[in-house]
Amino acid sequence: MGEQQEEFAIRVRDLVVGFGRQTVLDHLSLDVRRGEILGLVGASGGGKSVLMRTIIGLIPRRSGTIEVMGQPIGGRTQGAATAWGILFQQGALFSSLTVRQNVQFPLRENLVLSQELMDEIAIAKLEMVGLRAQDADKYPAELSGGMTKRVALARALALDPPILFLDEPTSGLDPIAAGDFDALIGTLQKTLGLTVFMVTHDLASLTTVCDRVAALADGKIVAIGPMRELLQSEHPWVRAYFHGKRSQMLQHEMR
Ligand SMILES: Nc1ncnc2c1ncn2[C@@H]1O[C@H](COP(=O)(O)OP(=O)(O)OP(=O)(O)O)[C@@H](O)[C@H]1O
Ligand SMILES: [Mg+2]
């Protein structure tokens, strides 16, 4: 193993983020290893999306440090967009742009490429996420929920980022589509060597694709490790989350 900065894709130390009188993240620390798929769970409104948006520089922090790929992320400065791909929770595609144009959007914003090359890249990315070239000329309103997620993923991959941020990528999908999407993430992580930071409530995703799971409660990471370790956690919120009635039923069925 090399230096520490080689080992971690993301390092967060003592992060404090709030809005007005509300403190959302309260001295939170978290390391994401290079090449891993890290799942993040936490109560609704607990600050998962805020954490993700702060790491990518969209929300200012009050204190603490963040490093992405060994580079400090400034309090105000935007990080290099090429360092990550993002699939937002409200993963809206631009409704007035075609699938192809949506996938090309980050390319246009960040690079100067010929139309021909951009078309080639868009088709390659769509195929990478399991869509067909014929889908490229559709508009978002003409897509199914699963296809929409895949297009958003293709757009997130447009600039070949080493890190992928996914905010509830399988929410709203049926279990089969969600399973397919998870498998796709796993394949991309392996073939592209991606680091994936994934916010999810989906127990199946946590169990099948995540190398480690982190639990956010009271503004901090209160448990982190492989899923089987999280299931042993004594933390009250983590216990309630994984051993509450609803998840008990699910886990029973998953056996
Ligand atoms: N831009 C903002 N301005 C003010 N408050 C915000 C802003 N963004 C988030 N918040 C507040 O921060 C808290 C955490 O929100 P966040 O979206 O991170 O929750 P979450 O953990 O992602 O929840 P969910 O699982 O429902 O998506 C909430 O109380 C929310 O109202
Ligand atoms: Mg959220």
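One can find the structure itself at the top, above this paragraph.
Residues numbered from 1 in each chain as written. Chains lettered and ligands numbered in written order. Predicted model: local features only at pLDDT ≥ 70, side-chain atom pairs only at ≥ 80, totals over all residues. Heavy atoms only, no water.

This part is about the sheet that holds strand E8 (residues 195–199). With mixed pairing, 6 strands are arranged side by side in an open sheet as E6-E7-E8-E3-E9-E10. With partners counted over all chains shown, the strands left at the sheet margins are strand E6 (84–87) and strand E10 (220–225), one partner each. When strand polarity is set aside, the average angle formed by the axes of neighbouring strands in this sheet is 15 degrees. Relative to strand E7 (residues 163–167), E6 runs parallel, the two being bridged by 4 bridges. Bridge pairing links Ile-86 to Phe-165 in E7. Its contacts with the sheet put helix H6 (residues 175–192) on strand E3 (37–42), E6, E7 and E8, and the angle it makes with E3 is roughly 140 degrees. Contacts from helix H9 (residues 236–243) reach E3, strand E9 (212–217) and E10, with the element oriented near 120 degrees to E9. (Pairing = 2+ DSSP bridges. Helix = DSSP H or I, 4+ residues; strand = E, 2+ residues; numbered from the N terminus. Axes fitted to C-alpha atoms, helices over the stretch in contact; angles between N-to-C directions. Contact = heavy atoms within 4.5 Å.)

So, about the site of ligand 1. Residues in contact with ligand 1 amount to 14 residues; listed here are only the nearest, Gln-22, Ser-44, Gly-45, Lys-48 and Val-50. Side-chain polar atom of Ser-44 to an oxygen atom of ligand 1: 2.5 Å apart, as the coordinates give it. Take Gly-45: an N or O atom from its main chain is 2.7 Å from an oxygen atom of ligand 1. Protein contacts shield 62% of the accessible area of ligand 1, which totals 640 Å² for the unbound molecule. Those elements that place two or more of their residues in the shell around ligand 1 are strand E2 (22–33) and helix H2 (48–55). The biggest single contributor to the shell around ligand 1 is H2, with 3 residues. (Near = heavy atom within 4 Å. Polar contact = N/O pair within 3.5 Å; in protein donor to acceptor, adjacent residues only side chain to side chain. Areas by Shrake-Rupley, 256 points an atom, 1.4 Å probe, with all protein chains shown as cover.)

The next thing to look at is unusual backbone geometry. Positive phi is not limited to glycine here, since Asp-14 has a value of about 55 degrees. The residue Asp-14 is located in strand E1 (residues 8–19) in this model. We classify Asp-14 as partly exposed; its relative accessible area is 41%. (Buried < 20%, exposed > 50% of the residue type's maximum accessible area, 1.4 Å probe, protein only.)

Spanning 18 residues, H6 covers 25 Å between terminal C-alpha atoms, matching the ideal 26 Å at 1.5 Å per step. Buried within H6 we find Ala-178, Phe-181, Asp-182, Leu-184, Ile-185, Gly-186, Leu-188 and Gln-189. For H6, the capping residue at the N-terminal end is Asp-174, with a side-chain oxygen 2.7 Å from the backbone nitrogen of Ile-176. Following H6 by one or two positions, Gly-193 adopts a phi angle in the positive range, close to 65 degrees. (Expected span 1.5 Å × (residues − 1).)

Ring pairs (aromatic) are described by centroid distance and by the angle formed between their planes. Applying the stated criterion across every chain yields a total of 5 aromatic pairs. Their ring planes at 45 degrees and their centres at 4.6 Å tell us that Phe-94 and Phe-105 sit as a pair that is tilted. Of this pair, Phe-94 sits in the loop between E6 and helix H3 (99–110) while Phe-105 sits in helix H3, and the two are 11 residues apart along the sequence. For Phe-105, a relative accessible area of 29% translates into the label partly exposed. The rings of Trp-84, Phe-165 and Phe-197 are connected pair by pair, giving a single aromatic cluster. (Phe/Tyr/Trp six-rings, centres within 6.5 Å; stacked < 30°, edge-to-face > 60°.)

Moving on, we come to the packing of helix H5 (residues 145–156) against H6. Interaxial distance between H5 and H6 falls to 11 Å at its minimum, and their mutual angle equals 15 degrees. As far as their axial angle goes, H6 and H5 are roughly parallel. Between H5 and H6 lies a crossing whose hand is right-handed. Residue-level contacts link Lys-149, Arg-150 and Leu-153 of H5 to Asp-180, Phe-181, Leu-184, Ile-185 and Leu-188 of H6. A class-by-class count of the residues in the contact of H5 with H6 yields 5 nonpolar, no polar and 3 charged. (Parallel < 35°, antiparallel > 145°, perpendicular 65-115°, else oblique. Left-handed = near helix turned anticlockwise from the far one by under 90°. Nonpolar A, V, L, I, M, F, W, Y, C, P; charged D, E, K, R; others polar.)

Note: α-helices contain 3.6 residues per turn, so residues at a spacing of three or four share the same orientation. For helix H4 (residues 115–128), spanning 14 residues, the distance from its first C-alpha to its last is 20 Å, which sits close to the expected 20 Å at 1.5 Å a residue. Residues Met-118, Ala-122, Lys-125 and Leu-126 constitute the buried set of H4. Angularly, the buried residues of H4 cover 100 degrees about the axis, an arc narrow enough to put them on a single face. In H4, the exposed residues that point more than 90 degrees away from the buried face are Glu-116, Glu-120 and Glu-127. The elements touched by buried residues of H4 are H3 and H5. Looking at the residues trailing H4, positive phi occurs at Gly-130, about 85 degrees. (Arc of directions from axis to C-beta.)

In short, the description is geometric, and any link to function would need to be established separately.
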